[in-house]
Amino acid sequence: MKYTLDNLRTWDDLKKYFPEECADVDNCFVAAEGLIFDQDNHWILHRRGPKCRDEHYKLEGIGGRIDKNEEFMPALLREISEEAGMQVKIKIVDILEVRKDTVYDHRLNKKITWLIVSYICAYLGGQFEVCEPEKNLGYEKVEIGNANKEELSSSSKAAYIKLLENWHDICEKLEQGRML
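This report concerns the structure included in the present document.

Rules of the game
- Residues numbered from 1 in each chain as written.
- Predicted model: local features only at pLDDT ≥ 70, side-chain atom pairs only at ≥ 80, totals over all residues.
- Heavy atoms only, no water.
- Helix = DSSP H or I, 4+ residues; strand = E, 2+ residues; numbered from the N terminus.
- Rg over C-alpha atoms; globule rule 2.2 N^0.38 Å.
- Buried < 20%, exposed > 50% of the residue type's maximum accessible area, 1.4 Å probe, protein only.
- Contact = heavy atoms within 4.5 Å.
- Lys, Arg positive; Asp, Glu negative; His and termini not counted.
- Charge placed at Lys NZ, Arg CZ, Asp CG, Glu CD.
- Disulfide = S-S within 2.5 Å.
- Expected span 1.5 Å × (residues − 1).
- Arc of directions from axis to C-beta.

**A few points about the overall build of the protein**
Next, step 1: Scanning the protein from N- to C-terminus turns up four helices and seven strands.
Next, step 2: Since a compact globule built from 180 residues should have a radius of gyration of about 16 Å, the 15 Å found for the protein is in line with a globular shape.
Next, step 3: Based on the C-alpha atoms only, the size of the protein along its principal axes is roughly 40 × 40 × 30 Å.
Next, step 4: Taken over 180 residues, the protein has a buried fraction of 52%.
Next, step 5: At a minimum sequence separation of 6, the contacts of the protein that also span at least 24 residues come to 71%.
Next, step 6: Here the protein contributes 26 positively and 34 negatively charged side chains, and the mean placements of these two sets differ by 3 Å.

Here's what the structure looks like:
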């Protein structure tokens, strides 16, 4: 069965649909990320600041860590509000992928593994704010097909490859999502 917005909602769902990837899910962090696209289908990313756990000064999607008792989509909306402000309105239109990423965590002084649930989101309006200035140095837009991969975090590089592979379908889903 393919995972969808309806059937992939919790950590238990991850274990069910991705048994290999989740063999050690209890020993890694789980995050939800919003790959947010504006009306022109430019990807809106934030520049990671010096107080982030990892990959300082790289561009990354908006999102964050999910607690084991949280459902992914409400947690993603919470993270977007915390990081980009209550004014930002987005609509989650689809799941892009679930992937693993191992990075060096500066707070824990060790490598950690993240399981990332990556969502395609349509930006509907509102002003992006920098709510955590030590973690977010501001927002930048990237045109798909013209990204400087050296500027992207490892997680965003992986998402970018998947976006390129599925760009036509993603554009259709974004258009449909904005109409509803």
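**Here's the deal with the state of the cysteines**
Next, step 1: For the structure shown, the criterion picks out zero disulfides.
Next, step 2: There is no disulfide at Cys-121, and the cysteine sulfur nearest it, in Cys-171, is 15 Å away.
Next, step 3: Classification of Cys-121 as buried rests on a relative accessible area of 0%.
Next, step 4: There is no disulfide at Cys-131, and the cysteine sulfur nearest it, in Cys-52, is 14 Å away.

**A short note on helix H3 (residues 154–165)**
Next, step 1: In a regular helix each residue adds 1.5 Å, so 12 residues correspond to 16 Å; H3 covers 17 Å between its end C-alpha atoms and thus fits that length.
Next, step 2: Listing the buried residues of H3 in full gives Ser-155, Ser-156, Ala-159, Tyr-160 and Leu-163. In a view along the axis of H3, the buried residues occupy a sector of 135°, so they form one face of it.

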